[in-house]
Amino acid sequence: MTSVAIEALGTRHEPPPLRQVAMIAKRSVSRTFRQPALVVPVILFPLILLAVNAAGLSSITKLPHFPTDSYINFAIVVCFVQGALFAAITAGTELASDIQKGFLDRLALTPARRWAVLVGATFGGTSVSVVGSVIYLIVGLIFGVHIETGVVGAIVLVLLAIYIALAFAGIGAWLAILTGSPEAVQGMFPLLFVLFFLSTMNLPADFIEKHWFRAIAQANPISFLIDGMRGLVIGGWDAGTLVPCVAVATAILVIFYGLAARSLRRRVQRT
Amino acid sequence: MAAQDNGIEVRNLQREFKGGIKAVDGIDLSVAPGEIYGFLGPNGAGKSTTVLMLVTLLPPTGGSATVAGLDVVREGPAVRRAIGAALQEAALDDFLTGWEHIDLQGGLHGLTKDQCRRRGEELLDRVGLADAANRKVGGYSGGMKRRLDLALALVHDPSVLFLDEPTTGLDPQSRSALWSEVERLAREDGVTVFLTTQYLEEADVLADRVGIIDHGHIVAEGTPSALKAQIGGVSLEATPANPNDKERLAGVLARFGEPAAGSPKSVAVRLDEGAEALADVVRTLDGEGIAVADLQLHQPSLDDVFLEKTGRSLEGDDDEGGEGDDAPEAARAPEVASR
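Rules used in this analysis
Residues numbered from 1 in each chain as written. Chains lettered and ligands numbered in written order. Predicted model: local features only at pLDDT ≥ 70, side-chain atom pairs only at ≥ 80, totals over all residues. Heavy atoms only, no water. Helix = DSSP H or I, 4+ residues; strand = E, 2+ residues; numbered from the N terminus. Buried < 20%, exposed > 50% of the residue type's maximum accessible area, 1.4 Å probe, protein only. Contact = heavy atoms within 4.5 Å. Areas by Shrake-Rupley, 256 points an atom, 1.4 Å probe, with all protein chains shown as cover. Lys, Arg positive; Asp, Glu negative; His and termini not counted. Charge placed at Lys NZ, Arg CZ, Asp CG, Glu CD. Core = buried A, V, L, I, M, F, W, Y, C linked by side-chain atoms within 4.5 Å. Pairing = 2+ DSSP bridges. Axes fitted to C-alpha atoms, helices over the stretch in contact; angles between N-to-C directions. Disulfide = S-S within 2.5 Å. Salt bridge = Lys/Arg side-chain N within 4 Å of Asp/Glu carboxyl O. Parallel < 35°, antiparallel > 145°, perpendicular 65-115°, else oblique. Left-handed = near helix turned anticlockwise from the far one by under 90°. Nonpolar A, V, L, I, M, F, W, Y, C, P; charged D, E, K, R; others polar. Polar contact = N/O pair within 3.5 Å; in protein donor to acceptor, adjacent residues only side chain to side chain. Patch = residues over 30% accessible without salt bridge, like charges linked within 9 Å, V, L, I, M, F, W, Y side chains within 5 Å. Phe/Tyr/Trp six-rings, centres within 6.5 Å; stacked < 30°, edge-to-face > 60°.

Q: For this particular structure, what's the right way to read the overall build of chain A?
A: When you go through chain A residue by residue, the secondary structure sums to 12 helices and zero strands. When the elements of chain A are put in sequence order from the N terminus, they spell out α-α-α-α-α-α-α-α-α-α-α-α. Expressed along its principal axes, the backbone C-alpha trace of chain A runs to roughly 80 × 35 × 35 Å. Counting across all 271 residues of chain A, residues that qualify as buried make up 56%. Expressed as a percentage of contacts within chain A between residues at least 6 apart in sequence, the contacts between residues at least 24 apart total 81%. Entry remark: accessible area of chain A is about 11500 Å², with carbon and sulfur atoms responsible for 71%. Averaged over its 19 positive side-chain charges, chain A has a centre that lies 11 Å from the centre of its 12 negative ones.

Q: Would you mind going over the nonpolar core with me for this structure?
A: One broad trend across soluble globular proteins is that nonpolar side chains are buried collectively. Ranked by size, the top nonpolar core spans 115 residues in total, and within it Phe 168 and Met 229 of chain A together with Val 67, Phe 162 and Phe 194 of chain B carry the most contacts. Of the residues forming this core, the biggest block, 19 residues, is contributed by helix H4 (residues 71-101) of chain A. Those residues in contact with Phe 194 of chain B that lie beyond four places of it in its chain are Ile 8, Leu 29, Val 31, Tyr 37, Phe 39, Thr 50, Val 51, Leu 54, Leu 161, Phe 162 and Leu 163 of chain B. Ranked by size, the runner-up nonpolar core spans 33 residues in total, among them Ile 102, Tyr 140, Leu 152 and Val 191 of chain B.

Q: Explain the sheet that holds strand S6 (residues 83-86) of chain B here, please?
A: As a general point, the strands of a sheet are linked pairwise by backbone hydrogen bonds and lie either parallel or antiparallel. Residue and element names in this part refer to chain B. Strand order in the open sheet formed by six strands is S6-S7-S8-S3-S9-S10, and the pairing between neighbours is mixed. Since the sheet does not close on itself, it has two edges, and those belong to S6 and strand S10 (217-222), each with one partner. For this sheet the average axis-to-axis angle between neighbouring strands, irrespective of direction, equals 15 degrees. Sheet analysis places S6 next to strand S7 (residues 160-164), joined by four bridges and oriented parallel. Each residue of the ladder has a partner; that of Ala 86, found in S7, is Leu 163. Sheet contacts for helix H5 (residues 142-153): S6 and S7; angle to S6, the most-contacted strand, approximately 165 degrees. Of the strands in this sheet, strand S3 (36-40), S7 and strand S8 (192-197) are in contact with helix H6 (residues 172-189), which crosses S3 at around 135 degrees.

Q: Mind showing me how you'd approach the state of the cysteines here?
A: Each disulfide consists of a covalent bond between the sulfur atoms of two cysteine residues. All names here are of chain A. This model, assessed by the stated rule, comprises zero disulfides over all chains. As a non-bridged cysteine, Cys 245 has Cys 79 as the owner of its nearest cysteine sulfur, 16 Å distant. Relative accessible area serves as the criterion here: at 0%, Cys 245 is assigned to the buried category.

Q: Quick question: what am I supposed to make of the pattern of salt bridges here?
A: Pairing is possible between side chains that carry opposite charge, provided their charged atoms lie close to one another. Residue and element names in this part refer to chain B. Overall, the coordinates contain 29 salt bridges over all chains when judged by the stated rule. For Arg 74, the salt bridge is made with Asp 71, and the minimal N-O distance between the two is 3.6 Å. Beyond isolated ion pairs, a larger network of salt bridges with shared partners links Arg 119, Glu 122, Arg 126, Glu 181, Arg 184, Glu 188 and Asp 189.

Q: What should I look at first to understand the pairing of strand S2 (residues 21-31) of chain B in this one?
A: The side chains of a regular strand alternate, first on one face of the sheet and then on the other. All names here are of chain B. Sheet analysis places strand S1 (residues 8-17) next to S2, joined by eight bridges and oriented antiparallel. Bridge pairing in S2 places Ile 8 opposite Val 31. Hairpin remark: S1 followed by S2, antiparallel, with three residues in the connecting loop; positive phi at Gly 19, about 90 degrees.

Q: Can you walk me through the packing of helix H11 (residues 221-235) of chain A against helix H12 (residues 239-267) of chain A in this structure?
A: Packed helices, taken two at a time, are described by their axes: the angle between them and the distance between them. Residues and elements named next belong to chain A. H12 packs onto H11 with a crossing angle of 135 degrees between their chain directions and a minimal axis gap of 8 Å. By the angle class used here, H11 and H12 are oblique. The interaxial crossing formed by H11 with H12 has left-handed handedness. Along the contact surface, H11 presents Pro 221, Phe 224, Leu 225, Asp 227, Gly 228, Met 229, Gly 231 and Leu 232, while H12 presents Thr 241, Leu 242, Pro 244, Cys 245, Val 248, Ala 249 and Ile 252. Split into classes, the residues belonging to the contact of H11 with H12 amount to 11 nonpolar, three polar and one charged.

Q: Looking at this model, I keep getting lost on the side chain of Ser 266 of chain B. Mind explaining?
A: Residue and element names in this part refer to chain B. Within the element layout of this structure, Ser 266 appears in the loop between strand S12 (257-259) and strand S13 (267-271). Taking the relative accessible area as the measure of exposure, Ser 266 reaches 5% and is therefore buried. Within polar-contact distance, the side chain of Ser 266 engages the backbone nitrogen of Ser 263 at 3.0 Å.

Q: Honestly, a negative patch on the surface in this entry has me stumped. Any pointers?
A: Residue and element names in this part refer to chain B. A cluster of acidic residues, Glu 258, Asp 272, Glu 273, Glu 276 and Glu 308, forms a negative patch at the surface. Note on placement: Glu 258 falls in strand S12. Its relative accessible area of 55% is what places Glu 258 among the exposed residues.

Q: Just checking my understanding: could you explain the side chain of Asp 149 of chain B for this structure?
A: Position of Asp 149 of chain B relative to the elements: it lies in helix H5. Residue classification places Asp 149 of chain B among the buried positions, given a relative accessible area of 3%.

Q: Whenever I open this one, the packing of aromatic side chains confuses me. Can you help?
A: Geometry of an aromatic ring pair is reported as the spacing of the ring centres plus the angle between the planes. Residue and element names in this part refer to chain A. Across all of its chains, the model carries 14 aromatic pairs over all chains by this definition. Relative to Phe 193, the ring of Phe 86 lies with its centre 6.2 Å away and its plane at 20 degrees, an arrangement referred to as stacked. Here Phe 86 is found in helix H4, whereas its partner Phe 193 is found in helix H9 (residues 182-197), with 107 residues between them in sequence. Given a relative accessible area of 9%, Phe 86 falls into the buried group. Phe 193 gets classed as buried once you look at its relative accessible area, which sits at 15%.

Q: Looking at this model, I keep getting lost on the interface of chain B and chain A. Mind explaining?
A: When the parts come together, some accessible area is lost, and that loss is often what is quoted as the size of the interface. Listed as interface residues are 54 residues of chain B and, on the opposing side, 36 residues of chain A. Scanning the region where chain B abuts chain A turns up four salt bridges. Arg 31 of chain A is the salt-bridge partner of Asp 93 of chain B, the closest N and O atoms lying 2.6 Å from each other. Where chain B meets chain A, there are 10 residue pairs in polar contact (both at pLDDT 80 or more). Elements with a contribution of two residues or more to the side of chain B that touches chain A: helix H2 (76-82), S6, helix H3 (98-108), helix H4 (113-126), H5, H6 and helix H12 (323-337) of chain B. Broken down by class, the residue content of the side of chain B that touches chain A amounts to 27 nonpolar, 10 polar and 17 charged.

Q: Please explain the sheet that holds S1 of chain B as it appears in this structure.
A: All names here are of chain B. If you walk across this open sheet you meet the four strands as S2-S1-S4-S5, and the pairing is antiparallel. Two strands in the sheet have a free side with no partner beyond their single neighbour: S2 and strand S5 (70-71). Contacts between helix H1 (residues 47-54) and the sheet are confined to S1, S2 and strand S4 (62-67), with S1 contributing the most and set at about 115 degrees to the helix.

Spelled out as structure tokens, the structure:
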């Protein structure tokens, strides 16, 4: 072309991969926070559930040998993990709608790497959980949550929550790429939620009476996540719960981003 | 830019989807540098599948194609740098502004912030979106979205431009605005344009050459005037005053020429002896006592070409078919889901 602006374009290079991620992530975050319906319920719902549970279940702390005498200390971490799950669903539905509307094809026509698109696209959902986690922590502190591991523990708690959200977003992304349908991703949500209830979310494993329930809860990856975070609040620094928590989150992250990347190669068959 | 080879060469290109559906069944075509090539066909003819293969988003199952001298299978990344594409139904993000789209797409193509700014200003101005560029795309009209999509396709200065049904669903005014910009790109900037359309007028007005595709095959190719010249002379279209007379009217008109494309209410024939036969036709109709509500002479259209080659009319066929152009999506999704 002849225009002045074009002369200045010169030779172009593919931007560095991390810069690609940053650009796609920026778009994903802007887009997510411009849709209050994607943000507000994600932040409010876990808090409402906490309030309801606190009203109805707080007497369980009176059980002999219950690990804490404050119900909110026991239950607050559930908010973080639930928030992470909701954020993952947001990440998944957003990516699925990109596929459905052809925005993924638009990105595929640029030099952007597939994995950069995948990782960048999950940032919107994850960023909601960043905001959510900080809010859960503040609300918790206002209502008297005492964090045994102190300020450092609180920071680790929020960072863990964000890491778990990022890992869960991999599940959302995988479902999105597999199905290409936001509705299908939404439809998976109740299944994941059931997995939550079959965990140590509402009771420590030792207190679960039914053997089958206890067995599932003890093997449930969600329990490892909850127990690790809960340890920071009501126990103290304990590698015995923290290490499995980080390990499980890492495993989810690696497995599901791996599956998502594999599906993406089939979804975007560009040469 | 016109000096380098930015044409398109397609040899026996094929795409078969699962279940043996041959969306594109061995097509050959070549587009000269700087030419506007119109790929015309009804819904489901294989237009979009062809475009997806040429822009490297869908691997062919047979044959070969080069774009700007680059092989679409072996040199995908280089092809993508050389081309710009506005695919069907302008896939834009309703929650981003026009500028944010430019910055994202320009950035991913490796433009610096400063380059994005200057290039964006030029393009937005050119497509008439300078004032709307800071508004979210969700509030844009259909025409504005297509214009932004065009600007985005051009952001990295491609030498070949693919437009998949760029004006489907647009009002006539937006349509002609887009046409003039595409025309300017080809004439002044030497950009090669490959556009698909189901609109005869679009192919006729805009394209230097037209390829007509039906059921995955190219059934005719040439300049619009050459194609129409193949068909021959003028046609006559008559609408009976009484719809029950349509059969009789057709019988009478058949004496003057071969059937041609008409509307559901009318009868059309290509006049063997050209417009001079008109007086005879009128006298005969009068003699037979058939009253006509309307009588028109038509120069041959691309629709007549389509009718001649396929036995069907392209106009008024819009609602039928439908499945085929969705084929790329429909066929790509289950491919993934079935694993």
